[in-house]
Amino acid sequence: MTQPCQERFLAPMTEAPAPARRADRLVRLIALLRDGRLHRAEDLAARLGVTPRTIYRDMDRLIAGGVPIAGRRGLGYRATADVTLPPLNLTLAELEALHIGLSVVAEGGEAELRDAARSLSARIDAVLPEDRSQPAAGWGFSTYPLPDAARGFRHMPQLRAAVRARQKLDLRMEEGPRHVLRPLRLGYWGRVWLLTGWSETAQAFAELRADRIAALRVLPQLFTEEPGKTLADMAREGGG
């Protein structure tokens, strides 16, 4: 059975897509929920070509993994904007920055630092609000349900520089086609680094998982905004 590509191309859908494997489906769910609106499980299931029961299970996994999602079966699901840690009020971006740091230390630090990351993770988990849908054990350094997501950190310097400089990239993904990409945005949401851009190869918008980049080359060509190839155009198409 041929596995689907890791990137999402934003083209109008005329029929339900073929079911994706779970890890890729979770990333697509995260992308759909980022608009902050309430989404019914039935609608998400139709978009992803699965049953509502599968969406329920996926939502349980994401919430258990600490992805900021609120909702329940029968009502719908939405992404939440902020998380509160008493006595500090943290934005989601600040909380995710803390998570990234703990992930890096827990995976590659010395033994003493790894232990400290685990201890800090437990302390943070202990003071998170009690009314969460489910407790997220080991919140700080856990990348469940996407255990490979932290690998994208190795590409951060080049990707950030290319976005700022508007410099084209030649990307080879672990699975799927190669891309000459105009990088437009690099974001971290729901435990996954996503690189958004216009693929000159596919002539479509693409959201690529940074942890699935097998090889990256910064090209000498710069790009300028063109009609139909900007983030605003992507948002009008319903992709972000």
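Residues numbered from 1 in each chain as written. Predicted model: local features only at pLDDT ≥ 70, side-chain atom pairs only at ≥ 80, totals over all residues. Heavy atoms only, no water.

## Structural notes on the packing of aromatic side chains
For the structure shown, the criterion picks out one aromatic pair. With centroids separated by 5.1 Å and ring planes inclined at 80°, the aromatic side chains of tryptophan 198 and phenylalanine 205 adopt a geometry described as edge-to-face. Of the two residues, tryptophan 198 and phenylalanine 205, neither departs from the other in class, the shared state being buried. (Phe/Tyr/Trp six-rings, centres within 6.5 Å; stacked < 30°, edge-to-face > 60°. Buried < 20%, exposed > 50% of the residue type's maximum accessible area, 1.4 Å probe, protein only.)

## A word on the pairing of strand β8 (residues 192–199)
In terms of residue burial, β8 counts as a mostly covered element, since eight of its eight residues are buried. In the sheet, β8 pairs with strand β9 (residues 204–209) via six bridges, with the strands oriented antiparallel. Residue pairing across strands places glycine 197 opposite alanine 206, the latter belonging to β9. Taking the residues that link successive antiparallel strands as the turn, the β8-β9 hairpin has four residues, and the phi of glutamine 203 there is positive, at about 55°. (Helix = DSSP H or I, 4+ residues; strand = E, 2+ residues; numbered from the N terminus. Pairing = 2+ DSSP bridges.)

## Some remarks on the packing of helix α1 (residues 22–33) against helix α3 (residues 52–64)
Contact geometry of α1 with α3 gives a least axis separation of 11 Å together with a crossing angle of 80°. The orientation of α1 relative to α3 falls into the category roughly perpendicular. Here Arg22, Arg25, Leu26, Leu29, Ile30 and Leu33 of α1 lie close against α3, whose contacting residues are Thr54, Ile55, Asp58, Met59, Arg61 and Leu62. (Axes fitted to C-alpha atoms, helices over the stretch in contact; angles between N-to-C directions. Parallel < 35°, antiparallel > 145°, perpendicular 65-115°, else oblique. Contact = heavy atoms within 4.5 Å.)

## Re helix α6 (residues 156–165)
Those residues of α6 that sit buried are Met156, Leu159 and Ala162. Within α6, the buried residues cover an arc of 140° as seen down the axis, which keeps them to one side. Among the exposed residues of α6, those oriented more than 90 degrees off its buried face are Pro157 and Arg164. Once α6 finishes, arginine 166 follows within two positions and takes phi at roughly 55°, a positive value. (Arc of directions from axis to C-beta.)

## A closer look at the side chain of arginine 209
Relative to the assigned elements, arginine 209 resides in strand β9. Judged by relative accessible area, which is 2%, arginine 209 ranks as buried.

## Description of the nonpolar core
The nonpolar side chains of a soluble globular protein tend to be buried with one another. Leu29, Ile55, Met59, Leu62 and Ile69 are the most contacted members of the largest nonpolar core, which has 19 residues in total. Core analysis: the second largest hydrophobic core is formed by 16 residues, Leu186, Leu195, Ile213 and Leu216 among them. (Core = buried A, V, L, I, M, F, W, Y, C linked by side-chain atoms within 4.5 Å.)

## A word on the pattern of salt bridges
Should the charged atoms of two oppositely charged side chains come close, the side chains can pair. Under the criterion given, the structure shown has 16 salt bridges. A salt bridge links arginine 178 to aspartate 170, with the shortest nitrogen-to-oxygen separation between them at 3.0 Å. Residue aspartate 170 is classed as buried on the basis of its relative accessible area of 8%. Aspartate 170 is the salt-bridge partner of arginine 217, the closest N and O atoms lying 3.0 Å from each other. One end of the pair, arginine 217, is in strand β10 (residues 213–222); the other, aspartate 170, is in strand β6 (residues 167–173), and 47 residues separate them in sequence. (Salt bridge = Lys/Arg side-chain N within 4 Å of Asp/Glu carboxyl O.)

## Comments concerning the confidence of the model for the protein chain
Summing up the model confidence of the protein chain, the mean pLDDT is 76 and the portion of residues at 70 or higher is 69%. Per-element averaging of pLDDT across the protein chain places strand β4 (residues 82–85) at the bottom with 42 and β6 at the top with 96. Every residue in residues 1–18 scores below 50 in pLDDT, and together they form 44 contacts with partners more than four places removed in sequence or on other chains. (pLDDT = per-residue confidence, 0-100.)

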